[in-house]
2 protein chains.
Amino acid sequence: MDVRFRKLAVFGVGLIGGSFAAALKQAGRVDRVVGVGRSRANLDRALELGVIDEIGSSAQAAAADADLIFLAVPVQQTPTVLEALAPHIEPQAVLTDGGSTKRDVIEAARQRLGDRLARFVPAHPIAGAELSGVEAATSELFRKRSVVITPLPETDAQARGRIEAAWAACGAHLVEMTPQRHDEVLAAVSHLPHALAFALVHMIARRSDATELFSFAGAGFRDFTRIASSSPEMWRDILIANRDVVLAELDDYRGRLAELAQHLQAGDADALEKLFAAARTARNDWLQRK
Amino acid sequence: MDVRFRKLAVFGVGLIGGSFAAALKQAGRVDRVVGVGRSRANLDRALELGVIDEIGSSAQAAAADADLIFLAVPVQQTPTVLEALAPHIEPQAVLTDGGSTKRDVIEAARQRLGDRLARFVPAHPIAGAELSGVEAATSELFRKRSVVITPLPETDAQARGRIEAAWAACGAHLVEMTPQRHDEVLAAVSHLPHALAFALVHMIARRSDATELFSFAGAGFRDFTRIASSSPEMWRDILIANRDVVLAELDDYRGRLAELAQHLQAGDADALEKLFAAARTARNDWLQRK
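Residues numbered from 1 in each chain as written. Chains lettered and ligands numbered in written order. Predicted model: local features only at pLDDT ≥ 70, side-chain atom pairs only at ≥ 80, totals over all residues.

(A) Layout of the overall build of chain A. Along its length, chain A carries 12 helices and 9 strands. Computed over C-alpha atoms, the radius of gyration of chain A comes to 21 Å, within 12% of the 19 Å expected from 2.2 N^0.38 for 290 residues, which places it in the range of a compact globule. For chain A, the spread of C-alpha atoms along the principal axes amounts to about 70 × 40 × 35 Å. Across the 290 residues in chain A, those meeting the buried criterion constitute 54%. Excluding contacts between residues fewer than 6 apart, the proportion of contacts in chain A whose partners are at least 24 apart in sequence is 79%. (Helix = DSSP H or I, 4+ residues; strand = E, 2+ residues; numbered from the N terminus. Rg over C-alpha atoms; globule rule 2.2 N^0.38 Å. Buried ≥ 20, exposed ≤ 12 C-beta atoms within 10 Å, placed from the backbone. Contact = placed C-beta atoms within 7 Å.)

(B) Representation of the interface of chain B and chain A. Contact with chain B, which involves 70 residues of that partner, is made by 70 residues of chain A. Residue assignment for the side of chain B that touches chain A shows that the elements contributing at least two residues are α7 (179-205), α8 (210-215), α9 (219-224), α10 (232-241), α11 (243-265) and α12 (269-289) of chain B. Of the residues forming the side of chain B that touches chain A, the biggest block, 18 residues, is contributed by α7 of chain B. For the side of chain B that touches chain A, the residue count by class is 47 nonpolar, 11 polar and 12 charged. (Nonpolar A, V, L, I, M, F, W, Y, C, P; charged D, E, K, R; others polar.)

(C) Molecular detail of unusual backbone geometry. Residue and element names in this part refer to chain A. The phi angle at K144 is positive, at roughly 65 degrees, despite the residue not being glycine. One can find K144 in the loop between β7 (123-125) and β8 (146-149). On the basis of neighbour counts, which here come to 9 C-beta atoms within 10 Å, the residue K144 falls in the exposed class.

(D) Geometry of the nonpolar core. One finds L8, A9 and V10 of chain A together with L8, A9, V10 and I69 of chain B to be the most contacted residues of the largest nonpolar core, which totals 206 residues. In this view, I69 of chain B contacts A9, A63, I89, A93 and L95 of chain B; residues no more than four positions away in its chain are not counted. (Core = buried A, V, L, I, M, F, W, Y, C linked by C-beta atoms within 7 Å.)

(E) Just the pairing of strand β2 (residues 30-36) of chain A, in detail. Residue and element names in this part refer to chain A. Summarising burial for β2: 5 of the 7 residues are buried, a large majority. For the segment spanning strand β1 (residues 5-11), helix α1 (residues 15-26) and β2, crossover handedness is right-handed. Note that β2 and strand β3 (residues 54-55) share 2 bridges and pair parallel. Each bridged residue has a counterpart across the sheet, and for V34 the counterpart in β3 is E54. (Right-handed = clockwise from strand over helix to strand, strands pointing away. Pairing = 2+ DSSP bridges.)

(F) Region of interest: the domain arrangement of chain A. Residue and element names in this part refer to chain A. We note that the domain assignment places domain 1 (5-177) and domain 2 (181-289) within chain A. Look at where the C-alpha atoms of domain 1 and domain 2 centre, and you get two points 30 Å apart. Listed by partner, the interface residues are 14 residues for domain 1 and 16 residues for domain 2. (Domains from an automatic or database assignment.)

(G) Representation of the sheet that holds strand β9 (residues 173-176) of chain A. Residue and element names in this part refer to chain A. Overall, mixed pairing links the 3 strands, which are arranged β7-β8-β9 in an open sheet. The two strands at the open ends of the sheet, each matched to only one other strand, are β7 and β9. Strand-to-strand twist across the sheet, computed as the mean angle between neighbouring axes with direction ignored, equals 25 degrees. Examined bridge by bridge, β8 and β9 share 4 bridges and lie parallel to one another. Bridging from a neighbouring strand, V148 pairs with V175 of β9. Where helix α6 (residues 157-169) meets the sheet, it contacts β7, β8 and β9, and its direction lies at approximately 135 degrees from that of β9. (Axes fitted to C-alpha atoms, helices over the stretch in contact; angles between N-to-C directions.)

(H) α11 of chain B, seen in detail. A rise of 1.5 Å per residue sets the reference length of α11 of chain B, with its 23 residues, at 33 Å; its end C-alpha atoms lie 32 Å apart and thus fit the reference within 8%. Within the sequence span of α11 of chain B, burial applies to R243, V245, V246, E249, L250, Y253, L260, H263 and L264 of chain B. (Expected span 1.5 Å × (residues − 1).)

(I) Up close: the relation of the copies chain B and chain A. Screw-axis analysis of chain B against chain A gives a translation of 0.0 Å along the axis, an RMSD of 0.0 Å, and a rotation angle of 180 degrees. Read as a symmetry element, the transformation amounts to a two-fold axis. In terms of proximity to the rotation axis, the leading residue of chain B is F224 of chain B, whose C-alpha is 2.0 Å off the axis. Taken as a fraction of all interface residues of chain B, those also at the interface in chain A reach 100%, which identifies the copy contact as same-surface. (Least-squares fit on C-alpha atoms with pLDDT ≥ 70 in both.)

(J) Looking closely at the sheet that holds β1 of chain A. Residue and element names in this part refer to chain A. If you walk across this open sheet you meet the 6 strands as β3-β2-β1-β4-β5-β6, and the pairing is parallel. Looking at strand neighbours, the two that pair on one side only are β3 and β6 (120-121), the edges of this open sheet. Here strand β4 (residues 68-71) runs beside strand β5 (residues 94-97); their pairing, made up of 4 bridges, is parallel. Directly across from L68, in β5, lies its bridge partner V94. Of the strands in this sheet, β1, β2 and β4 are in contact with α1, which crosses β1 at around 165 degrees.

(K) Quick peek at the environment of R226 of chain A. With respect to the secondary-structure elements, R226 of chain A resides in the loop between α9 (219-224) and α10 (232-241). A sequence separation of 95 residues divides R226 of chain A from L131 of chain A, and the C-alpha atoms of the two residues are 10.0 Å apart.

Here it is, written out as C-alpha cells:
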C-alpha cells in the first residue's frame, strides 16, 4: 500500500521511536515529525539530528493534526502517556507502538482509548540493541527485521492496513500473533536471557575481587553479557509487565541448571556432552535458517 | 628474550594449537613444526595451510629432537597424551600447554612427567572463539591477549624464561597465578557463562515449539548464546576438570536467580532497576578499562 502520513507524533524519541521516525522520513512517507519525551536534551539532539522536525510541548499539541501516532516509551509509562493523549487523538489518526510486551500495553489501551481503540494496532519490532537514546537511532534498524503485530478483535481493517504499510515502509516484515503468544515467545528468547545476563554481571560485580575477575573475562563473556548493558528502566518494565510468563521461564531454567549440576556432581561426561552437542546443533541450525 | 626453537611439536592442531604454531612461524621463531592429532583430515588440512610442516606418526616421532612441546588437546586427554609422550621428551625440551583448567593438567603432569616436570610451564591463553579446528587458527589469535601462566615450585627458571618468550613472541602478555586461583577466576567469567548458554539453548531446543521460538530470537539472543556453539567435547572436559569450583559458581548463580524471582514475584521495580543498573555500570566500566 502506498501509504503516506502528514504528521507523525512520536512519544519517546529513543532508539525505537527515533528509528521509526528516521525510517519513515528516509522512505519519504511522512511530511512532518513531532517528538515528545521526558528528556529535553534528548529531544534537542533528535531535532539536531533531523530525526524530528519539532518538539511537542504537550500530548495535545503533538496529537493535533497527527495522522500517525507511535508510542515508544518504556512499557510501564504507556498508561500515563495514553491518559494524556487519548482525548486529543484525531478521528482519522492511526496508532501503533513498539512495546516489548503486548498484554499490558493492550490492557492500558482498552482502559483509556475509548472509541479510538479500533485505530490502535499493537506492534513489537524484533530489533534493538543494548544502546539507547536517539543517538543510536537509524533508519535501517527495522530493515529485514520481524515486526510482530497483535491486532484486537476491535481493530479497524483500514487502520491495520495503514499501520502495516508504515512498518513495511521501514523495511520490516510483519508477523501476526495473539498478545498472549507474543508475550510467551518473547519471554523465552528475549526476556529470560536479559534477566540471566543482568544476574551474572551483578553477581560478579558485587564480589570483592570483581576487578580481577573482570580483567580475565574475554570475548565470550563480552558477548554473553552484551544485553546486560541494556536500559535498566526498560528491562525493569518489561520483566514486571510480563512477570507471570517470565517467572515460569525462570523456574524452568533453574530446573535445567539443577539438572546440569546433577550431571556435574555425578561426573556424567556423556550426559554433559550430549546436552552441549544438542545445544550447539540447535543453535547452528537456527543460524543457518536465519 | 630472543628465543628460537628448532622444532615445535604440537599435540592437538586445532584453534589453539594451530594458532600457536602459526604465530611462532609468523614471528620467525621456529624452524619446523610437527603436528600430532586424532583426525587425519584435520592434520592434512593443517599441512595444506602451512600451519605444520609434518604430521607426527607417533608421540615418540614428534618428540624426537623437539625443543618445544605444546599440548593443546581437550584437557581430559592430557593424561593419555603425557603418558605416551613422557619417555620421549628430550632433556633440553621445554613444555607448555593451552588447557582451560590448570589443576587437573598439573596433576596429570606430576604423575607422568618425572624429572621433566621442571621443564613444564602450564599456561592458559585467554583467547578463543566458538570456532574450532585448524581452519579457525590464525597467527593473530593471541595478539594483545592475556596468557595466564601457573608455574610450579619445581619449575626451572630457564624453561620458564623460554616459554614466556614463546608466548610473548605470539603477541601475548603474561600474567602469573596459582593454579587454584586460575581455576576460580575462569570458573566465574568463562566456565559458568558457557554452562549457562548451553543450558538455555538446550532448554528451548527440546520444546515442541522450538522452531517458532528460535524464529523470534534476535541479535541479543545470538550474542548471549554465541558460546553455546563451542566444542561440546572441550567444554565437557573443562567443566568436569573444574567441577568443584564450577558447582560452587552454579550454586551462587542459582541463588541470584532465586533473588531475582523474588523481586519479580513481589513486583519490586526498584530492586530490579537497581540490580540492572549496577550490572550495566559494572559492565560498561569493564569495557572502558579493557
